[in-house]
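The lines below spell out each chain.
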Amino acid sequence: MPPSLWTQDFMDDMRTKMDPLADAVIERLFTEHQVDGVNRLMRTLVENDDLPSEKLPPYVVEYLLQTQADVPRLDAGKLRQGQELFELFGPEVMLILGFYSLPASYAARKGVQVLHRTGFLQKRFIRRVFETAQMVVDVMSEGGMEPDGRGVRTTQKVRLMHAAIRYLIRHDPNKPWDARELGEPINQEDLAGTLMTFGFVVLEGMRALRIDLTPAQQEAWLYVWQAVGRIIGVDERLIPSNMAEARELTFLIRKRQVAYSKEGVAMTAALIEGFQQLTPGLLDGLPASMVHFFLDQDQWQGINVANLLEVPRPDWTVIIPHAIRGLSEVVDWVGDNTFVAAKLLRYVSKDIVEGMLLVQRGGQRTPFFIPDHLQDLWRLKPGTRSADRQLASNQKVA
C-alpha cells in the first residue's frame, strides 16, 4: 500500500481491526475447552522451544502450517545480510531494544493500556524483557527464518499469545474495554507500531550511537522484519516496502499516538527498576541515563518523551552514552571494536546481555537462549554459557 494512502481515516479504521486467523483459534479453544484448555496451550507454548504437534489440537497445528505457508520464499542473500548485521552488533541491538524501543512503545497512550492491564512488565519484568529479546535473537540468528526455524516458531507463538490476551481483555466483565476510545486491544495500528520498534527504531538507535550502516544493510534489516510482520499477522497494507516508507509509517504512528498516560509512566518505571537488576551497583543510574539519551532527542515532533514518561533525572552515568557518541564523531566506526568508542559501547551492551543470561525467566520456562556461535562472536564472559546450561538442566529436573 503506498504511503500516501496511510491517511488518518485509514489508520483510524486499522484501530478497529484485529487478527481474524489467530483470534478464531483462541475463540475455538475457549469455546471447546474453556479456560483450562487455553492454559494448557499457553503452557505448551512457553515451556517448549519447539511446538510438539501431539500436544496441540489439530486446528492449532493447521494454524501453524498456514502461517508458515503465508510467508513468501525469502531472498537468502538479503536475509543473511540482515542476520550478519545482528552478528556484528547484537549486544548493541539488545541495549537499544531495552532503552529505546520498549520505553518508546510505552509512550503510545492507547497501545500501552493492554500491556499495563496484563501486568506482564510490572509484576514480571524479566519475563517481558526476555520474551522480547528472545524473539529478536531467534529471528536474527542464522537459520531463524527458515520454515522450521526458531524465529518462525517464536513469532507464531507470539501471535497466538496476542490473540489470547485480546480475547481475555474483550471478555473481562469486571473491566470493560473501551474500544471506541482505545481501539480494539492489540489492533492493527498497534501491531504495525510494534513491528516498527524492531524494524525501524532499532536502526534509529544505531544511528544515535553513531553506528554507521550502509543503505543496503538497513534495507536488509528491514527485510527480515517485513517477513516477521507477515507471520505475526500485520495487515499487508501496513508493512512498509522500504526504509523511506518505514520512516513515514513510524513517524505517522508517533504523531497519532504519543501522549502522556499514567500507565506509560508506571511501565517505564518498572522497566528501569528491572534493568537495574542486570547492571552492577556502580551503574544503577545507567538505565535512566540511557532512556534519556535516546528519548530526550528531538525526533518526536519536539516532545521530550523521557520527561513525558517521567524518567528519573540521569546521574553521572549520562556521560557514558554521550562519550560514545562524541568519540564516534572523532573516529570512524569500523565494526571491529578497535576504537575507544566501540569498546566502551560493547562493554556496556555486553554487560546487559550477560546479566540476562544469568537470570531465570521465571516459572517452568526455558532459559534465555543465545546460540553458542553468537556468544563466541560477542565474547561473553567465560562461565556465562555454563551457567546458562546449568539453569536449563535445573529447569528440566524441575
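The preceding data block contains the structure.
Residues numbered from 1 in each chain as written. Predicted model: local features only at pLDDT ≥ 70, side-chain atom pairs only at ≥ 80, totals over all residues. Heavy atoms only, no water.

Colleague: I'd like a description of the overall build of the protein chain, backed by residues and values.
Modeller: Helices and strands together make up the secondary structure of the protein chain, namely 20 helices and 0 strands. Counting over 398 residues, the protein chain shows a buried share of 57%. A separation of at least 24 residues holds for 78% of the contacts in the protein chain among residues at least 6 apart in sequence. As displayed, the protein chain has an accessible area near 17400 Å², and 53% of this comes from carbon and sulfur atoms. (Helix = DSSP H or I, 4+ residues; strand = E, 2+ residues; numbered from the N terminus. Buried < 20%, exposed > 50% of the residue type's maximum accessible area, 1.4 Å probe, protein only. Contact = heavy atoms within 4.5 Å. Areas by Shrake-Rupley, 256 points an atom, 1.4 Å probe, with all protein chains shown as cover.)

Colleague: Give me the side chain of aspartate 138: which residues, what numbers.
Modeller: Assignment of secondary structure puts aspartate 138 in helix H7 (residues 125–140). Here arginine 150 takes part through its side chain, which lies 3.1 Å from a polar atom of the side chain of aspartate 138. (Polar contact = N/O pair within 3.5 Å; in protein donor to acceptor, adjacent residues only side chain to side chain.)

Colleague: So what about the pattern of salt bridges? Which residues, and what values?
Modeller: Taken as a whole and assessed by the stated rule, the structure comprises 21 salt bridges. A salt bridge links lysine 17 to aspartate 13, with the nearest nitrogen and oxygen atoms 4.0 Å apart. Accessibility expressed as a relative area gives 37% for lysine 17, which makes it partly exposed. One salt bridge connects arginine 80 with glutamate 84, and the closest N-O pair in it is separated by 3.9 Å. (Salt bridge = Lys/Arg side-chain N within 4 Å of Asp/Glu carboxyl O.)

Colleague: Before we move on, can you summarise the environment of threonine 268 with the specific residues and values?
Modeller: Tracing the backbone shows threonine 268 in helix H14 (residues 262–276). Each C-alpha atom of the pair threonine 268 and leucine 309 lies 6.7 Å from the other, and the pair is 41 residues apart in sequence. Apart from the residues lying within four places of it in its own chain, the contact partners of threonine 268 are Tyr106, Leu309 and Val311.

Colleague: Provide a residue-level description of empty space enclosed by the protein, including the pertinent values.
Modeller: Counted under the stated rule, the structure contains 2 cavities of 30 Å³ or more. Put simply, the largest cavity is a space of about 70 Å³. Lining of the largest cavity is provided by Met94, Leu97, Gly98, Leu102, Val129, Thr132, Ala133, Phe275, Ile352 and Met356. Ranked by residue count, the leading element in the lining of the largest cavity is helix H4 (residues 76–106), at 4 residues. Among the residues making up the lining of the largest cavity, the classes are represented as 8 nonpolar, 2 polar and no charged. (1 Å grid on protein atoms, 1.4 Å probe; cavity = no way out; pocket = protein on both sides within 12 Å on 5 of 7 lines; lining within 4 Å. Points joined across faces, edges and corners; volume = space filled by probe spheres on them. Nonpolar A, V, L, I, M, F, W, Y, C, P; charged D, E, K, R; others polar.)

Colleague: Explain the nonpolar core to me, using residue names and the numbers behind them.
Modeller: Ranked by size, the top nonpolar core spans 101 residues in total, and within it Phe86, Trp225 and Phe294 carry the most contacts. With 14 residues, the top contributor of residues to this core is H4. Once you skip the residues sitting within four places of it in the chain, phenylalanine 86 turns out to touch Val93, Met94, Val136, Val137, Met140, Trp221, Leu374 and Trp378. Core analysis: the next-biggest nonpolar cluster, separate from the first, contains 16 residues, Val25, Phe30, Val60 and Ala163 among them. (Core = buried A, V, L, I, M, F, W, Y, C linked by side-chain atoms within 4.5 Å.)

Colleague: Residue-level account of the packing of aromatic side chains, with values.
Modeller: Here the structure, examined in full by the defined rule, presents 7 aromatic pairs. Relative to tryptophan 225, the ring of tryptophan 221 has its centre 6.5 Å away and its plane inclined at 45°; by these criteria the two rings are tilted. Of the two residues, tryptophan 221 and tryptophan 225 are both situated in helix H12 (residues 215–232); the distance of 4 residues between them amounts to about one turn of the helix. Look at tryptophan 225 and you get buried, because its relative accessible area is 1%. (Phe/Tyr/Trp six-rings, centres within 6.5 Å; stacked < 30°, edge-to-face > 60°.)

Colleague: So what about the side chain of glutamine 113? Which residues, and what values?
Modeller: The topology assignment puts glutamine 113 in helix H5 (residues 112–118). Residue glutamine 113 is classed as buried on the basis of its relative accessible area of 14%. Residues within four places of glutamine 113 in sequence aside, it is in contact with Trp177, Leu182, Ser261 and Glu263.

Colleague: Run through H14, naming residues and quoting values.
Modeller: Taking 1.5 Å per residue, 15 residues should reach 21 Å; H14 reaches 21 Å between its end C-alpha atoms and fits that length. For H14, the complete set of buried residues consists of Glu263, Gly264, Val265, Met267, Thr268, Ala270, Leu271, Ile272, Gly274 and Phe275. (Expected span 1.5 Å × (residues − 1).)

Colleague: Lay out unusual backbone geometry in plain terms, naming residues and giving numbers.
Modeller: Phi is positive for arginine 210, which is not a glycine, with a value near 65°. Along the polypeptide, arginine 210 turns up in the loop between helix H11 (201–208) and H12. Phi at glutamate 310 takes a positive value of approximately 55°, unusual for a residue other than glycine. Its location among the elements puts glutamate 310 in the loop between helix H16 (305–308) and helix H17 (319–330).

Colleague: Describe the environment of valine 291, and please don't skip the residues or the numbers.
Modeller: Summarising the element assignment, valine 291 is placed in helix H15 (residues 286–295). The exposure class assigned to valine 291 is buried, which follows from its relative accessible area of 0%. Expressed as a C-alpha distance, the spacing of valine 291 and valine 305, which sit 14 residues apart in the sequence, is 9.2 Å.

Colleague: Account for the environment of glutamate 236, with residues named and values stated.
Modeller: In this fold, glutamate 236 is placed in the loop between H12 and helix H13 (243–257). Residues glutamate 236 and glutamine 226, 10 residues apart in the sequence, show an inter-C-alpha distance of 9.4 Å.

Just geometry here; none of it tells us what the structure is for.
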